[in-house]
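# A closer look at the structure
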Amino acid sequence: MSQYGHGKGTIYGGCSQYSIVPEKYCYKLQYGVSDTEAVLLEPMGVAHNAIERLEVNNENVFVIGCGAVGLFAIACAKALGATTVYAADVLPGRLELATKMGADVVINSKDVDVRSEIMRLTDQVGIGRICEASGNVGMLNGCFKYLRKGGRVSILGLPKQALHIDDVLQDIVFKSLTITTVHGRRIFHTWNECEKLIADKKVDPSMLVTHDLPLSEHHNAFKTLLSGKCCKVLLDPSKV
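What comes next concerns the included structure. Everything numeric here is computed off the predicted structure, so don't read it as measured data.

## Quick look at the overall build of the chain
Within the chain one finds nine helices and eight strands. Its C-alpha atoms give the chain a radius of gyration of 19 Å, near enough to 18 Å, the size a compact globule of 240 residues would have. Once the C-alpha set of the chain is aligned to its principal axes, its extents read approximately 55 × 35 × 35 Å. The 240 residues of the chain split such that 43% are buried. Considering only contacts in the chain between residues 6 or more positions apart, those separated by 24 or more positions represent 60%. For the chain, the exposed area adds up to about 12900 Å²; of that, 51% sits on carbon and sulfur atoms.

## Details of the sheet that holds strand β5 (residues 147–155)
One open sheet accounts for six strands, arranged β3-β2-β1-β4-β5-β6; its pairing is parallel. Each edge of the open sheet is held by one strand with a lone partner, namely β3 (105–108) and β6 (178–181). Here the average twist between neighbouring strands, direction ignored, is 15°. Pairing geometry for strand β1 (residues 61–64) and strand β2 (residues 85–89), over four bridges, is parallel.

## Here we look at the side chain of N141
Relative to the assigned elements, N141 resides in helix α6 (residues 137–143). At 2.8 Å, the side chain of N141 forms a polar contact with the backbone nitrogen of H164. Beyond its immediate stretch of four places on either side in the chain, N141 contacts A162, L163, H164 and I165.

## As for helix α5 (residues 114–121)
The α-helix winds at 3.6 residues per turn, so residues separated by three or four positions along the chain end up facing the same way. All of the buried residues along α5 are V114, I118 and M119. Axial view of α5: buried residues confined to an arc of 125°, hence all on one face. Immediately beyond the C-terminal end of α5, within one or two residues, lies D123, with a positive phi of roughly 55°.

Cut-offs used in this document
- Per-chain numbering applies: the sequence of each chain, read as written, is numbered from 1 onward.
- The model is predicted, so local features are restricted to residues of pLDDT at least 70 and side-chain atom pairs to those at 80 or more, both for listing and for counting; the totals for chains, interfaces and linings are taken over all residues.
- To get the side-chain values, all heavy atoms of the structure are used, and hydrogens and water are removed first.
- The helix and strand labels rest on DSSP assignments: H or I over at least four residues marks a helix, E over at least two residues marks a strand, and numbering proceeds from the N terminus.
- Radius of gyration here uses only the C-alpha atoms, and the compact-globule reference equals 2.2 Å multiplied by the residue count raised to the power 0.38.
- In this scheme, a residue with accessible area under 20% of its type's maximum is buried, one over 50% is exposed, and one in between is partly exposed, where area comes from a 1.4 Å probe on protein chains only.
- Contact definition: two residues touch when any of their heavy atoms are within 4.5 Å.
- The protein chains shown are the only cover counted for residues, whose accessible areas, like all others here, come from Shrake-Rupley with a 1.4 Å probe.
- At least two DSSP bridges between two strands are required for those strands to pair.
- For every element, the axis is a line fit to its C-alpha atoms; helices are fit only across the contacting stretch, and the angle between N-to-C directions ranges from 0 to 180 degrees.
- Under the rule applied, a polar contact is a pair of N or O atoms within 3.5 Å (in protein, one hydrogen donor and one hydrogen acceptor; residues adjacent in sequence only if both atoms are side-chain atoms).
- What the arc covers is the set of directions going from the helix axis to the C-beta atoms.

Have a look at this one:
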């Protein structure tokens, strides 16, 4: 299936009221989730895929970046059995949301040195699982220093610059670590697992919806999104 969107495999854009998609690419909802919950399966699925690959059960997890996908990563980590979830961001509002989504400890990376704080919180052992969801190349470059031996890192954010490791031997080779990356979801496993988590009330995606607008207000929706003063903005095609 080509990338969805006007001119990218279909003639329909994301803001069209109706779309035609080949049946084999469609997932049929099975657990009675709401329309709002259903449309958020997409970003939640990306986070779930990353967290599942991290193998977080009975592990401490550090989520870097509390945008929508990072917030879903927090919720999925708790739902999949993480012991303690730490979360970092530079915006207080996002850290508040991180707490609501299940983070046990939040860190404002603008105010404290993340490496020192994580080492302090883990009694100098380091963190076992890291989900890098910020896309900030500095945070990604530095996270290997406070990953414990045998740890796992999932690169979920989208860095636009080169990855640079200061001490390859100590931070990579001698740590016997595992690095995973994510591109979307595992079809259809991810959809099914995420829908079950929502239906079982283990994840509440509606907490991330800050704006719910009719489709006719798509210009305002994108303006709001680009302002950075929101989390998830929904457009309802039944309201034009």
